[in-house]
Amino acid sequence: MTRRQFLYGSAGAIGFAALGGSLLYRLMPGHAMAAAEGTFEVTKTEAEWRSILSDMQYQVLREEATERAFTSPLNDEKRAGMFHCAGCDLAVYSSETKYDSGTGWPSFWEAEPNAIGTKEDNTLFMTRTECHCARCGGHMGHIFDDGPQPTGKRHCINGVAMTFKPQAAVAG
């Protein structure tokens, strides 16, 4: 077990236990946060978002919750294809930039051009870079400086914030 797996697994286990087994945990219990503020191409009312997203998707994309590590099937997705925002269907990450970071969340070393925006996140007594969908403002995850080359970045993304579309088979 790596240090990162221990730390994230421990945090996830503590959050999981504290919430009575919920699949989501908030990084700052009782601290409701919201999706990125600003003007976005796709905007909806709270009721409209709730009607198109599952409860888990709504909590992550619109309230900046974090899914528990190692719970997303997209963490193990290895097919060629594209990962899209679950809120607005924008293509955000290619399978070509995905790698196994050992953290328990889908990780990528680069986003698609103009697909994500960032903002400073000062929760958990530290400063991190939060990333969100550039089209709808939905919270995706965080970006860290401990990823592989060529960028050295790790986009640590909530799987529930995305959908996966496999590359179409080429007829031969």
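Residues numbered from 1 in each chain as written. Predicted model: local features only at pLDDT ≥ 70, side-chain atom pairs only at ≥ 80, totals over all residues. Heavy atoms only, no water.

Quick word on the environment of C136
As a reminder of what qualifies: The way it works is that DSSP assigns letters per residue, a run of H or I at least four long becomes a helix, a run of E at least two long becomes a strand, and they are numbered from the N terminus. The contact criterion used throughout is that any non-hydrogen atoms of two residues lie within 4.5 Å.
With respect to the helices and strands, C136 occurs in the loop between β8 (128–133) and β9 (139–144). Remark: the alpha-carbon pair of C136 and K44, spanning 92 residues in sequence, is separated by 8.7 Å. Excluding residues within four positions of it along the chain, C136 makes contact with F40, V42, W49, R62, C85 and C88.

Describing the pairing of strand β10 (residues 154–157)
For the record, the criterion: Whether a residue is buried, partly exposed or exposed follows from its accessible area with a 1.4 Å probe, protein chains only, as a fraction of its type maximum: under 20%, in between, or over 50%, in that order. A pair of strands is considered paired only if DSSP assigns at least 2 bridges between the two.
Neither face of β10 is exposed, since R154 and C156 on one face and H155 and I157 on the opposite face are all buried. The sheet contact formed by strand β6 (residues 107–108) and β10 spans 2 bridges and is antiparallel. Paired with S107 across the bridge in β10 is C156. Across 4 bridges, β9 lies against β10 in antiparallel orientation. Across the sheet, the residue bridging to F144 is R154, located in β10.

Quick look at the pattern of salt bridges
Threshold: The working definition used for a salt bridge is a side-chain nitrogen of Lys or Arg within 4 Å of a carboxyl oxygen of Asp or Glu.
One pass over the full model with this rule turns up 8 salt bridges. In this structure, E46 engages R50 in a salt bridge whose closest nitrogen and oxygen atoms are separated by 3.0 Å. On the criterion of helical spacing, the pair formed by E46 and R50 is a turn pair, its members being 4 residues apart in helix α2 (residues 46–52). The exposure class of R50 is partly exposed, given its relative accessible area of 41%. In this structure, D145 engages K153 in a salt bridge whose closest nitrogen and oxygen atoms are separated by 2.4 Å. What makes D145 exposed here is its relative accessible area of 63%. Through salt bridges with shared partners, one network takes in E46, R50 and E63.

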